[in-house]
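# Observations on the three-dimensional arrangement
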Amino acid sequence: MGRKVVVATCSLNQWAMDFQGNMDRILDSIQQAKAAGAMYRSGPELEIPGYSCADHFYESDTMLHSWEVVAELLQHPLCVDIMIDVGLPVMHKNVTYNCRLVFLNRKILLIRPKLILCDDGNYRETRWFTAWRKIRQVEDHYIPRIISRITGQITVPFGDAVIATRDTCIGYEICEELWNPECSHIPMSLDGVEIIVNGSGSYTEIRKGYVCRDLVMSATARSGGCYLFANHRGCDGDRVYFSGNAMIGLNGSIVARTLPYSLQEVEIVTATIDLESVRSYRSLVRSRCLHGAQSQAYPRIQVNFALSNDEDIFLPLSQPIEYTIPTPEEEILYGPACWLWDYLRRSGQGGFLLPLSGGVDSSSTATIVYSMCHLVVQAVTNGEEKVLEDVRRIVSQSDYVPRDRRELCGRLFHTVYMATENSSLETKNRAKLLSQQIGSYHIPVTIDSIVSAALGIFSAATGLIPKFKVRGGTVRENLALQNVQARLRMVLAYLFAQLVLWVRGRQGGLLVLGSANVDEALRGYMTKYDCSSADINPIGGFSKADLKKFLALAKERLNLPVLGDILGAPPTAELEPLDEGTLVQTDEADMGMTYAELATYGKLRKVECCGPYSMFGKLIHMWSDRCSPSEVAEKVKLFFRYYSVNRHKMTILTPAYHAETYSPDDHRFDHRQFLYNYRWLWQFRAIDRAVSC
């Protein structure tokens, strides 16, 4: 009857500027799509060069190499008798566009530029690309000679058009167009487009896992039709993590999706769609039919090709599936673990090193590494040859097969407990027990001698000996004595990272992991260039509250009983003297605010765009049951003083897994000055006037 079509979309673990690897993964996805019987294959946004090329998009080399990959794809025997679209940057009339290129049997059918660019959050698309604003218009694009020699074409259609095959009509959105109020799928659907294809580059944020699903379901529920959503997966070279979540929607339901948080480099999903079900769904919505009859027509690229065939009566149709959303705790358990694996295998290093203190933050980092080892063993067990190849290269053993996550952790993960006279026996024991339960290569050391040596140099030069506050020193002396311990730990961490594998008789070095959470970064509750300074930080995008919930889950999911003891201990830096072996310093007392308050300040400052006065205006209502207006005023002032005094620390913040919407990451996400007038004279006067009313 010729009414059923098999379509494929995918999640690809691409790597910015890795043209060879990216092409190989694209070809792998095409091969899998064809093997599954698909007649159409789509992939992620800018999949040829990789999404996170950033200022490399300015370089003509990037576009040249992208076209070279297109030339290879056009000629490849796999790319025959299947319609394919791929993502790449294209310069048209001296303007660079973010495009989808559609081809079939060595002919380019259409180059479709992105209509709406994204500049939210970590996105900066208008820095490199320009939106195509000639809606429903196409122009001739002169293709490079290397392409003309293959296709026999001189020009190809470039612009906002759709493709009409013998049995259906296919239209395109690119990532942000699905999110925007002026989304393209509605007018295309009204004009008879039955299959919408979206190549996306959508990164993960905690508690946002439902967004893509809901958008695809809403698009097809309102307009009917089939929606193919492709997305990147993994770390492609930057702070963000792409979770994959490619999916196929049909008439308000999801009928196929890729796995979230997988180490699989290439994963395709296919769906068998009955085109008549799209037509029936739409015809039953009479108001939609009225608008469809009046809709403006899109330019149609006519193609003598059909996605269906006449012998499809026994071809089973795809049915709606349950689309579960991971909990925030699961997002922490698996997302950073996948990100760490990509970073490790692509960095050329031999593992990780972590200064393990026995507290919530460093234990969270350690647990995420253990989760990574769990995922690696699971992937190898499931037959993932690329994961096995990467593991063998990292551990420098060609016949190695990881079968136990603790054993693998002992090869990849190295922990160091750096004690001083201010460290408690409890934290030392918790760090040791955690290292035993996860299997890390653990080294306990005492660093009092190097601290004394540093202070000895200072005393010899100045003739003065600084003292802790509890021993009669000033606040300034007290802080300096804490900072020297923290900074020397960073120096020693890098020394161990360079030489521990030498000690173990292996080649290479280790990546140093950080363990500062997003709340401490916001408040500036860290020593500049201490153990918060590392190569990468898997927990830098998470709040303290979320990390505690994550550890509670990991305690059961990964069978780590010691995490219960760690959760029950008060957070402390352990940089001040103990009182007869008992802890006297706690983080919240030091900060002058709780972690819960910090999370609230962070959301109001970043997500709700509040300055001091606006924050005060919201908190007097949010906290009316426990604080007077004057108390709220003092809390707000205290936060903004500390935030502004410490903002300079964000300029050297360790690259962290991006997750939280109120992250203060200065690199790309949170653009603000780092030198403030910390008195906030005008703003605080406004608060004082409001309190006195």
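Residue numbering note: each chain is counted from 1, following its sequence as written. In keeping with the model being predicted, local features are shown solely for residues with a pLDDT of at least 70 and side-chain atom pairs are shown and tallied solely at 80 or more, while totals for entire chains, interfaces and linings include all residues. As a convention, hydrogens and water are excluded, and side-chain values are obtained from all of the structure's heavy atoms.

The chain is annotated in an unreviewed UniProt entry as Glutamine-dependent NAD(+) synthetase from Scylla paramamosain. UniProt positions are given in the numbering used here, feature names are shortened, and annotations may be inferred rather than shown by experiment. Taken directly from UniProt, the Catalytic activity (unreviewed entry) text for the chain runs: "deamido-NAD(+) + L-glutamine + ATP + H2O = L-glutamate + AMP + diphosphate + NAD(+) + H(+)".

It is worth spelling out a nonpolar patch on the surface at this point. A residue counts toward a patch only above 30% relative accessible area and without a salt bridge, and it is joined to like-charged neighbours within 9 Å or, for Val, Leu, Ile, Met, Phe, Trp and Tyr, to nonpolar neighbours within 5 Å. What sets the accessible areas is the Shrake-Rupley method with a 1.4 Å probe; for residues, cover comes only from the shown protein chains. A carboxyl oxygen of Asp or Glu within 4 Å of a side-chain nitrogen of Lys or Arg is what we treat as a salt bridge. On the surface, a nonpolar cluster with roughly 440 Å² of combined accessible area is contributed by Leu-495, Leu-499, Trp-502 and Val-503. Each helix is a run of DSSP H or I of at least 4 residues and each strand a run of E of at least 2, with the numbering of both proceeding from the N terminus. Position of Leu-495 among the secondary structure elements: in helix 15 (residues 475-503). Residue Leu-495 is classed as partly exposed on the basis of its relative accessible area, which comes to 41%. Only protein chains enter the accessibility calculation, which uses a 1.4 Å probe; a residue is then buried when its area is under 20% of its type maximum, exposed when over 50%, and partly exposed in between.

Next up on the list: the UniProt feature "domain: CN hydrolase" (unreviewed entry) in the chain. Under the local residue numbering, the UniProt record ascribes the feature "domain: CN hydrolase" (unreviewed entry) to residues 5-275. Helix makes up 24% of residues 5-275 and strand 33%, and the two end C-alpha atoms of the span are 7 Å apart.

This next bit is on the packing of aromatic side chains. Each Phe, Tyr or Trp ring, with Trp reduced to its six-membered ring, pairs with another whose centre is within 6.5 Å; inter-plane angles below 30 degrees give stacked pairs, above 60 give edge-to-face pairs, and intermediate values give tilted ones. For the structure on display, the rule yields 23 aromatic pairs. With a centroid separation of 6.2 Å and 50° between ring planes, the pair formed by Trp-339 and Tyr-343 is classed as tilted. Of this pair, Trp-339 and Tyr-343 both sit in helix 9 (residues 328-347), separated by four residues, roughly a single helical turn. A relative accessible area of 1% places Trp-339 in the buried class. Geometrically, the ring pair formed by Phe-542 and Tyr-657 is stacked, given 5.7 Å between the ring centres and 20° between the ring planes. In this pair, Phe-542 sits in the loop between helix 16 (518-523) and helix 17 (544-557) while Tyr-657 sits in the loop between helix 22 (629-646) and helix 23 (681-692), placing the two residues 115 residues apart along the sequence. For the pair Phe-542 and Tyr-657, one class covers both residues: buried. Grouping aromatic residues by their ring pairs yields a cluster made of Tyr-601, Trp-623, Phe-639, Phe-640, Tyr-643, Tyr-676, Trp-680 and Phe-684. The criterion is that NZ of a Lys, or CZ of an Arg, lies within 6 Å of the ring centre and within 35 degrees of the ring normal, and then a charge sits over that ring. We note Arg-411 situated over the ring of Tyr-400; from NZ or CZ to the ring centre the distance is 4.0 Å.

Further remarks concern the environment of Gly-237. For Gly-237, the position within the fold is in the loop between strand 11 (226-234) and strand 12 (242-243). Separated by 222 residues in sequence, Gly-237 and Trp-15 place their C-alpha atoms 6.2 Å apart.

As a further point, take unusual backbone geometry. Within the chain, Cys-175 stands out as a residue other than glycine whose phi angle is a positive 45°. Checked against the element boundaries, Cys-175 lands in the loop between strand 9 (169-173) and helix 4 (176-179). In this structure Cys-175 comes out as buried when scored by relative accessible area, which is 4%. We note that Trp-680 has phi near 50°; this positive angle belongs to a residue other than glycine. Inspection of the secondary structure puts Trp-680 in the loop between helix 22 and helix 23. Owing to a relative accessible area of 10%, Trp-680 belongs among the buried residues under this scheme.

Here, nonpolar core means buried Ala, Val, Leu, Ile, Met, Phe, Trp, Tyr and Cys residues that are tied together by side-chain atoms lying within 4.5 Å of each other. Formed by 61 residues in total, the largest nonpolar core has its most connected members in Leu-340, Trp-341, Phe-352, Met-372 and Phe-413. Considering every element that reaches this core, the biggest residue donor is helix 10 (residues 360-381), with 12 residues. Residue contacts follow a heavy-atom distance rule, with two residues in contact if any of their heavy atoms lie within 4.5 Å. Those residues within four positions of Met-372 in sequence are excluded, and the remaining contacts are Ala-337, Leu-340, Trp-341, Leu-344, Phe-352 and Leu-412. One finds Ile-30, Ala-38, Cys-79 and Ile-268 within the second-largest nonpolar core, a separate group that totals 40 residues.

The next point concerns helix 12 (residues 405-412). Looking at helix 12, one finds that the buried residues are Arg-405, Leu-408, Cys-409, Gly-410 and Leu-412. For helix 12, the N-terminal cap is Asp-404; the gap from its side-chain oxygen to the backbone nitrogen of Arg-406 is 3.0 Å. The definition of a polar contact used here is a pair of N or O atoms within 3.5 Å, where within protein one atom must be able to donate a hydrogen and the other to accept one, and adjacent residues in sequence count solely through side-chain atom pairs.

Bringing the side chain of Asp-390 into the picture now. By the element assignment, Asp-390 lies in helix 11 (residues 385-395). At 2.8 Å, the side chain of Asp-390 forms a polar contact with the side chain of Lys-386. If we ignore the near neighbours within four places in the chain, the residues touching Asp-390 are Trp-341 and Arg-345.

For the rest of this paragraph, the subject is the environment of Tyr-529. Turning to its location among the elements, Tyr-529 is positioned in the loop between helix 16 and helix 17. In this structure Tyr-529 comes out as partly exposed when scored by relative accessible area, which is 40%.

What follows covers the pattern of salt bridges. Considering all chains together, one arrives at 42 salt bridges under this definition. Salt-bridge contacts for Glu-330 lead to Arg-557; the nearest nitrogen and oxygen are separated by 3.2 Å. With Glu-330 in helix 9 and Arg-557 in helix 17, the pair connects residues that are 227 residues apart, well separated along the chain. A relative accessible area of 38% means that Arg-557 is categorised as partly exposed. Of the charged contacts in the structure, one is a salt bridge between Asp-361 and Lys-544, with a shortest N-O distance of 3.0 Å. Of the two residues, Asp-361 sits in helix 10 while Lys-544 sits in helix 17, which places them 183 residues apart along the sequence.

By the bridge criterion, six bridges tie strand 18 (residues 413-419) to strand 19 (residues 441-446) in an arrangement that is parallel. Within strand 19, the residue paired with His-414 across the bridge is Tyr-441. By convention, orient the strands away from the viewer: a clockwise path from the first strand over the helix to the second makes the crossover right-handed. Tracing the backbone out of strand 18, into helix 13 (residues 425-438) and back to the parallel element strand 19 gives a crossover that is right-handed. For two strands to count as paired, DSSP must find a minimum of two bridges between them.

A few words on the sheet that holds strand 18. Taken together, four strands build an open sheet; the order of strands is 19-18-17-20 and the sheet is parallel. Taken across any chain shown, the strands that pair with only one partner, and hence form the sheet edges, are strand 19 and strand 20 (511-512). Axis lines are fitted to C-alpha atoms, over the contacting stretch for helices. Their N-to-C directions set the angle, which ranges from 0 to 180 degrees. Along the sheet face, helix 15 touches strand 17 (352-355), strand 18, strand 19 and strand 20 and points at about 140° away from the line of strand 18.

Turning our eyes to something else, we now look at helix 1 (residues 19-35). Since one α-helical turn is 3.6 residues long, residues separated by three or four positions face the same way. Here the expected span of a helix is defined as 1.5 Å times the quantity of residues minus one. Its 17 residues give helix 1 an end-to-end C-alpha distance of 24 Å, which sits within 8% of 24 Å, the value for a rise of 1.5 Å per residue. Just beyond helix 1, the residue with positive phi is Gly-37, at close to 90°.

On to the environment of Pro-316, then. Relative to the assigned elements, Pro-316 resides in the loop between strand 16 (300-302) and helix 9. Spatially, the C-alpha atoms of Pro-316 and Val-645 are 64 Å apart, while their sequence positions differ by 329 residues.

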